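Analysis of the macromolecular model
Below are the chains, spelled out letter by letter.
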Amino acid sequence: MLQIAFIRQNTALVKERLALKNFGDIALVDEIISLDDTRKKLQLEFDTTQSKINAASKEIGQLIAKGQKEAADTQRQEVAALKTTLQPFADQLAETEKKLQEQIVKLPNLPSDKVPPGKTPEDNITIREGGKKPALHAGAVPHWDLTKKYNLIDFELGNKITGSGFPVYIGKGAKLQRALIQYFLDYNTNAGYKEFMPPHMVNEASAFGTGQLPDKEGQMYFVTEDNFYLIPTAEVPVTNIYRDELLKENELPVKMTAYTPCFRREAGSYGKDVRGLNRLHQFDKVEIVQLVHPDKSYEVLEDMVNHVETLLQSLDLPYRILKLCGGDMGFASALTYDFEVYSAAQQKWLEVSSVSNFEAYQTNRMKIRFKDANGKNQLVHSLNGSSLALPRIVACLLENHQTEQGIQLPAVLHSYFGAQLIN
């Protein structure tokens, strides 16, 4: 979340950047400042009254030591009267601080000055493209037909067991999932990321820490009796590993990677590219997360973009990298790059990764700090990216690499899958 001191000192800038993100309640900024004014006034009244009580209490002891019992009794009555006025201040202060917290977490992160203006995905900027779109043979079909032809995925069986959006991977389909997960993890760990295997459910504090709450509660599956949330991405548990931690400057950067299943209700998305693997409620993803010195986060962001780009290149998939405009960015992000791969059979671009810099927005919520060379505690910056999400990668691998003899896998997967061809 944003820091109140920054909001007060940069009110016009905050409003300007929120407008770039198409935030609809700019007046909330003034409401937050007004609440903070009230909080400061109540805090001063509370502290002043408490100081009077402390001074009077000290004086009582001095009067008793001098044998002035009557004067001490009079002072006790004054202290008692002051204490009756102190509690209302404490109650009002607690209530105001609660309201202030409730309102400030409604503000999204401010977009970086690198973010282009715009309101919809059509306003995103293509940074670069790579790879070559394949020329498919005459009998080429989309991936949902390929998965049926080669018995790789059974969507109807998933619907029977759970519901729509929960596919069952079978035989070589399951093996391809496992091969991709292992390859992605090896690729990340070889680049210096430490592997974790985190829980697949998190508590409210963890979901709040990364910005899923209060923004995305409608998109998450909630275990009501235990107050746990099924994770929408490994970013949530992995980043929270360092919640409430104070790092040393020489421990930065912290580089982490994890494979997890991801669970998303996708509320409101029905009817939007839902066929096959295009949009699921449960899917597999390998994530990368970094905690870095604030002076280096945008340099690290570019490094992470290059890391994901090289991974896509190794899969022989045509791709493009988009810089998201203000109106298409996530709640907690300061700058996001999306990666899309081209689905040759569907003839459309499909998003497979987002790489984002959150600056100090998440780490302020989670109190992830480091002690700098001057001994001062500072918030680290957090970044994360998909490396990669599997469903649409699988869809494009199947579609783009299909031949009349079968599906020819990229060379990097041969040893992981144990074969060069799915037939």
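Here the residue numbering is sequential within each chain, running from 1 through the sequence in written order. Owing to the predicted nature of the model, reporting of local features is limited to residues with pLDDT of at least 70; listing and counting of side-chain atom pairs is limited to 80 or more, with chain, interface and lining totals taken over all residues. Calculated side-chain values reflect all of the structure's heavy atoms, with hydrogen atoms and water omitted.

Quick look at the overall build of the chain
So the rule is basically this: Secondary structure elements follow DSSP: runs of H or I no shorter than four residues count as helices, runs of E no shorter than two count as strands, and numbering proceeds from the N terminus. This radius of gyration counts C-alpha atoms alone. The globule rule is 2.2 Å times how many residues there are, raised to the power 0.38. Burial status follows relative accessibility: with a 1.4 Å probe on protein chains alone, a residue under 20% of its type maximum counts as buried, one over 50% as exposed, and anything between as partly exposed. Two residues form a contact once any of their heavy atoms are found within 4.5 Å. Surface accessibility follows the Shrake-Rupley procedure with a 1.4 Å probe radius. Residue values consider only the protein chains on display as shielding. Charged residues are defined here as Lys and Arg on the positive side and Asp and Glu on the negative side; His and the ends of the chain fall outside this count. Working definition for charges: the position is that of NZ of Lys, CZ of Arg, CG of Asp or CD of Glu.
Summing up its helical and strand segments, the chain has 13 helices and 18 strands in all. The globule rule puts the C-alpha radius of gyration for 423 residues at 22 Å, and the 27 Å found for the chain is more than 25% above it. A buried classification covers 49% of the 423 residues belonging to the chain. In the chain, of all internal contacts separated by at least 6 residues, the share reaching a separation of at least 24 is 74%. On the chain, roughly 20200 Å² of surface is accessible, and the fraction owed to carbon and sulfur atoms is 49%. The chain carries 48 positive and 53 negative side-chain charges, and their two centres are separated by 1 Å.

What about the pairing of strand β9 (residues 254-263)?
Our working rule: What makes two strands pair is DSSP finding at least two bridges between them.
With 8 of 10 residues buried, β9 is to be regarded as a mostly interior element. Two strands pair when backbone bridges link them, and strand β4 (residues 194-196) and β9 are joined in this way by 3 bridges, in the parallel orientation. Opposite Lys-194, over in β9, you have Met-256 as the bridge partner. Of the strand pairs in this sheet, β9 and strand β10 (residues 282-292) are connected by 10 bridges, and their pairing is antiparallel. Within β10, the position partnered with Phe-263 by the bridge is Gln-282.

Focus: the nonpolar core
One broad trend across soluble globular proteins is that nonpolar side chains are buried collectively. For clarity, the cut-off: Working definition of a nonpolar core: buried Ala, Val, Leu, Ile, Met, Phe, Trp, Tyr and Cys residues. They are joined through side-chain atoms within 4.5 Å.
Counting residues in hydrophobic clusters, the biggest one holds 59 residues, and the most contacted among them are Leu-176, Leu-180, Phe-184, Leu-315 and Ile-393. Not counting residues within four places of it along the chain, the set of residues in contact with Leu-176 comprises Val-394, Leu-398, Leu-409, Leu-413, Phe-417 and Ile-422. Counting residues in each nonpolar core, the second largest holds 20 residues, with Met-1, Ile-33, Leu-100 and Ala-332 among its members.

Remarks on the pattern of salt bridges
This is how it is decided: Throughout this description, the term salt bridge denotes a Lys or Arg side-chain nitrogen within 4 Å of a carboxyl oxygen of Asp or Glu.
A complete count under the given rule lists 8 salt bridges for this structure. The partner of Glu-16 in a salt bridge is Arg-17, with the nearest N and O atoms 4.0 Å apart. Owing to a relative accessible area of 48%, Glu-16 belongs among the partly exposed residues under this scheme. On the basis of relative accessible area, Arg-17 is assigned to the buried category, the value being 13%. For Asp-36, the salt bridge is made with Arg-39, and the minimal N-O distance between the two is 2.8 Å. Of this pair, Asp-36 and Arg-39 both sit in helix α3 (residues 27-65), 3 residues apart, roughly one helical turn. When salt bridges with common partners are traced through the structure, they connect Arg-8, Asp-36, Asp-37 and Arg-39 into a single cluster.

Considering the domain arrangement of the chain
To keep things clear, this is the line we draw: Start and end points for every domain follow an automatic or database-based domain assignment. The buried area of a pairing is the accessible area, by a 1.4 Å probe, that goes missing from both parts when the two are put together, added over both. Polar contact is defined as a pair of N or O atoms within 3.5 Å, subject to the rule that within protein one atom must be able to donate a hydrogen and the other to accept it, and that residues adjacent in sequence are counted only when both atoms are side-chain atoms.
Partitioning the chain into structural domains gives domain 1 (4-105) and domain 2 (121-422). For domain 1 versus domain 2, the separation of C-alpha centres amounts to 45 Å. Facing 5 residues of domain 1, the contacting portion of domain 2 comprises 11 residues. Overall, the association of domain 1 and domain 2 removes approximately 490 Å² of surface from exposure, summing both partners, and the carbon and sulfur fraction of that is 52%. For the interface between domain 1 and domain 2, the tally reads 0 salt bridges. Remark: the boundary between domain 1 and domain 2 carries 4 residue pairs in polar contact (both at pLDDT 80 or more).

Re the side chain of Asn-364
Relative to the helices and strands, Asn-364 is located in helix α11 (residues 361-366). Among the residues examined, Asn-364 registers a relative accessible area of 9% and is labelled buried. Setting aside anything within four residues of it in sequence, one finds Asn-364 in contact with Met-1, Leu-2, Gln-3 and Leu-379.

Thoughts on the pairing of β10
Most of β10 sits out of view: 10 of its 11 residues are buried. The pairing of β10 with strand β16 (residues 381-389) spans 7 bridges and is antiparallel. When the bridges of β16 are listed, Val-292 appears paired with His-381.

Side note on the packing of α3 against helix α4 (residues 69-104)
To keep it simple, the criterion reads: To get an axis, a line is fitted to the C-alpha atoms, and for a helix only the part in contact is used. The angle between two axes follows their N-to-C directions and goes from 0 to 180 degrees. Geometric relationships in this document are graded by angle, where less than 35 degrees denotes roughly parallel, more than 145 denotes roughly antiparallel, 65 to 115 denotes roughly perpendicular, and other angles denote oblique. In this scheme, a crossing is called left-handed if the near helix is turned counterclockwise away from the far one by less than a right angle; it is called right-handed if the turn is clockwise. When residues are grouped by polarity, Ala, Val, Leu, Ile, Met, Phe, Trp, Tyr, Cys and Pro land in nonpolar, Asp, Glu, Lys and Arg in charged, and all others, Gly among them, in polar.
Taken N-terminus to C-terminus, the directions of α3 and α4 make an angle of 160 degrees; their axes are 8 Å apart at the nearest point. The angle between α3 and α4 falls in the class roughly antiparallel. Seen along the crossing, α3 lies across α4 with a hand that is left-handed. Partitioning the contact of α3 with α4 into residue classes produces 20 nonpolar, 10 polar and 10 charged.

Quick word on the side chain of Asn-400
Assignment of secondary structure puts Asn-400 in helix α12 (residues 390-400). Here Asn-400 falls in the buried class, since its relative accessible area comes to 8%. Within polar-contact distance, the side chain of Asn-400 engages the backbone nitrogen of Ala-344 at 3.0 Å.

Topic: the packing of helix α7 (residues 172-190) against α12
Where α7 meets α12, the axes come as close as 11 Å, and the angle between the chain directions of the two elements is 115 degrees. When the interaxial angle is binned, α7 and α12 end up roughly perpendicular. In this structure, the crossing between α7 and α12 has a hand that is right-handed. Here α7 contributes Leu-176, Gln-177, Leu-180, Ile-181 and Phe-184 to the contact with α12, which in turn contributes Leu-390, Ile-393, Val-394, Leu-397 and Leu-398. Considered class by class, the residues forming the contact of α7 with α12 number 9 nonpolar, 1 polar and no charged.

Some details on α4
For clarity, the threshold we go by: A helix is expected to reach a length of 1.5 Å times the quantity of its residues less one.
Helix length check: α4, at 36 residues, gives a terminal C-alpha distance of 51 Å against a target of 52 Å (1.5 Å per residue), a fit within 8%. Buried within α4 we find Ala-72, Gln-75, Val-79, Leu-86, Phe-89, Leu-93, Thr-96, Leu-100, Gln-103 and Ile-104. Tucked inside the fold, the buried residues of α4 contact α1 (4-9) and α3.

So, helix α2 (residues 11-20)
Where α2 is concerned, the buried positions are Thr-11, Val-14, Arg-17, Leu-18 and Leu-20. One or two residues past the end of α2 sits Asn-22, with phi positive at roughly 60 degrees.

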